[in-house]
Amino acid sequence: MKAKWTLVLAAMLVISISAYAHHSQQATYDLNKKIEVKGKLVQFMFRNPHAFVTVESMFENGQPQRWSVDWAGAALLGGRVGSRDSFKLRDVLVFAGNTLRTLVDQRMHMVKIKRQREGFGWGTRPGEVVD
């Protein structure tokens, strides 16, 4: 019986450590601040724990800027998005998402994406309709 409780306590400790180690979206991103970015794909990293997309768009003055977009992990996306070959370099993509709490980089957490060439769309929030 004592061994059973020791095993249960050890399992709880491992679970709590991994839960503590994972970051919160609210801690990193301002969920009240939404932006939209349109740009050409320059990098797509289809991996775990998060997939990342890098797009190049233009400032209003015509200067290029790169945005790093944090997405869900490959395990979650695999059944819905496809594979690492689902996006091609220079695809024109439109992202909606939340910016960093501190605007030190052009980085955002993706809420939805749309690819213009055939209208592919994907949303991350329950009940969200991608138009």
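Please refer to the structure placed before this passage.
Residues numbered from 1 in each chain as written. Predicted model: local features only at pLDDT ≥ 70, side-chain atom pairs only at ≥ 80, totals over all residues. Heavy atoms only, no water.

Thoughts on the pattern of salt bridges
Working definition: two side chains of opposite charge can pair if their charged atoms are close together.
Part 1: Under the criterion given, the structure shown has two salt bridges.
Part 2: The salt bridge involving glutamate 56 is made with arginine 66; its shortest N-O contact spans 3.3 Å. Of this pair, glutamate 56 sits in strand β2 (residues 52-58) while arginine 66 sits in strand β3 (residues 64-70), and the two are 10 residues apart along the sequence.
Part 3: Among the ionic pairs, aspartate 91 bridges to arginine 115, the shortest N-O distance being 3.7 Å. You can see aspartate 91 sitting in the loop between α3 (74-77) and β4 (92-100) and its partner arginine 115 sitting in strand β5 (residues 107-115), a full 24 residues away along the chain. (Salt bridge = Lys/Arg side-chain N within 4 Å of Asp/Glu carboxyl O. Helix = DSSP H or I, 4+ residues; strand = E, 2+ residues; numbered from the N terminus.)

Focus on the pairing of β5
Part 1: Pairing geometry for β3 and β5, over three bridges, is parallel. Bridge pairing in β5 places aspartate 70 opposite histidine 109.
Part 2: In the sheet, β4 pairs with β5 via seven bridges, with the strands oriented antiparallel. Residue pairing across strands places alanine 96 opposite lysine 112, the latter belonging to β5.
Part 3: From the end of β4 to the start of β5, which pair antiparallel, there are six residues. (Pairing = 2+ DSSP bridges.)

Here we look at the packing of aromatic side chains
Part 1: Counted under the stated rule, the structure contains four aromatic pairs.
Part 2: Between phenylalanine 44 and phenylalanine 46, the aromatic rings sit 5.7 Å apart at their centres with planes inclined by 55 degrees, giving tilted as the arrangement.
Part 3: Overall, the relative accessible area of 15% leaves phenylalanine 44 in the buried class.
Part 4: Judged by its relative accessible area of 9%, phenylalanine 46 falls in the buried class.
Part 5: Ring plane angle 80 degrees and centroid distance 5.0 Å describe the contact between phenylalanine 44 and phenylalanine 87, whose orientation is recorded as edge-to-face. Residue phenylalanine 44 is located in strand β1 (residues 29-45), and its partner phenylalanine 87 is located in the loop between α3 and β4; the two are separated by 43 residues in the primary sequence. There is no split in this pair, since phenylalanine 44 and phenylalanine 87 are both buried.
Part 6: Members of the aromatic cluster, connected to one another through ring pairs, are Phe44, Phe46, Trp71 and Phe87. (Phe/Tyr/Trp six-rings, centres within 6.5 Å; stacked < 30°, edge-to-face > 60°. Buried < 20%, exposed > 50% of the residue type's maximum accessible area, 1.4 Å probe, protein only.)

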